[in-house]
Amino acid sequence: MSISLKHNDETKFKELLDLYFVRLKRFAISLLKEDELAEEVVMDVFLKLWEKRDKLDSIDNLTTYLFVSVRNTCHNFLRQEKKRFTDSLDNAEVELARYEATPEDDLISEEMLEKLNSIVDDLPPKCKMVFKMLREEGLSRKETAKVLGISANTVDNQVAIAVKRIGEGLGLDLSIKKNFNGLKSFLLVM
């Protein structure tokens, strides 16, 4: 995706801000654990984006670029404050959107959805963060790896952990490949 703000197009810039602000702020909150600070970080990233608007043609994927910029800005802030940055994401507080029934999901009971949400809430933070980036932000595994500063294999492993824990919690036999793959598809698309 090529971005062009060279002509000082403030309207286009505002559209970008509106499109990404909430998502990036949630991500920053999960790393910094402070709402106001997270907002400041995201605004700093957008300010830098505006200041470098003449050089934006080289950005291949704006979403990945913005998430990585927010992660790096959070990391820099925490380093300056001599706080420990959670590179391993083990201490990140991740809030996931709730699974909710849609008209197409008539076969899924409300009780099953509540159980699913409860199991997802209990996932380890690193696993939950990977899950969030894939499911809610719609990033690919490579983009998720880049944003979180981990390998694509780690992303795969965290997805496998999530699917295994959710499957076990729902009482599914995941030794059957069809069940494992079906649950994985269901979880990441819903």
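Residues numbered from 1 in each chain as written. Predicted model: local features only at pLDDT ≥ 70, side-chain atom pairs only at ≥ 80, totals over all residues. Heavy atoms only, no water.

Trainee: Honestly, the packing of helix 4 (residues 110-121) against helix 7 (residues 152-170) in this entry has me stumped. Any pointers?
Mentor: Axes are the key here: two packed helices are described by the angle between their axes and the distance separating the axes. Put simply, helix 4 and helix 7 touch, their axes get as near as 10 Å, and they point 140° apart. Comparing the axis directions of helix 4 and helix 7 gives the class oblique. As for the relative orientation of helix 4 and helix 7, their crossing is right-handed in sense. Between helix 4, through M112, K115, L116, I119 and V120, and helix 7, the contact on the second element is made entirely by R165, I166, G169 and L170. The class makeup of the residues in the contact of helix 4 with helix 7 is 6 nonpolar, 1 polar and 2 charged. (Axes fitted to C-alpha atoms, helices over the stretch in contact; angles between N-to-C directions. Helix = DSSP H or I, 4+ residues; strand = E, 2+ residues; numbered from the N terminus. Parallel < 35°, antiparallel > 145°, perpendicular 65-115°, else oblique. Left-handed = near helix turned anticlockwise from the far one by under 90°. Contact = heavy atoms within 4.5 Å. Nonpolar A, V, L, I, M, F, W, Y, C, P; charged D, E, K, R; others polar.)

Trainee: I would appreciate a short explanation of the nonpolar core in the present structure.
Mentor: One recurring pattern in soluble globular proteins: nonpolar side chains tend to sit buried together. Counting 52 residues, the largest nonpolar core has F27, F46, V70 and I166 as the members making the most contacts within it. Secondary-structure elements contributing two or more residues to this core are helix 1 (10-32), helix 2 (35-51), helix 3 (62-80), helix 4, helix 5 (125-135), helix 6 (141-148), helix 7 and helix 8 (177-189). In terms of residue count, the dominant contributor to this core is helix 1 (10 residues). In this structure, F46 is in contact with F13, L16, L17, Y20, L24 and L66, ignoring residues within four places of it in sequence. (Core = buried A, V, L, I, M, F, W, Y, C linked by side-chain atoms within 4.5 Å. Buried < 20%, exposed > 50% of the residue type's maximum accessible area, 1.4 Å probe, protein only.)

Trainee: Help me understand the packing of helix 5 against helix 6 in this model?
Mentor: Closest axis-to-axis distance for the helix 5/helix 6 pair is 9 Å, and the angle between their directions is 130°. By the criterion of interaxial angle, the relationship of helix 5 to helix 6 is oblique. The handedness of the crossing between helix 5 and helix 6 comes out as right-handed. Touching M129, V130, M133 and L134 of helix 5 are R141, T144, V147 and L148, all from helix 6. Here the contact of helix 5 with helix 6 is built from residues that sort into 6 nonpolar, 1 polar and 1 charged.

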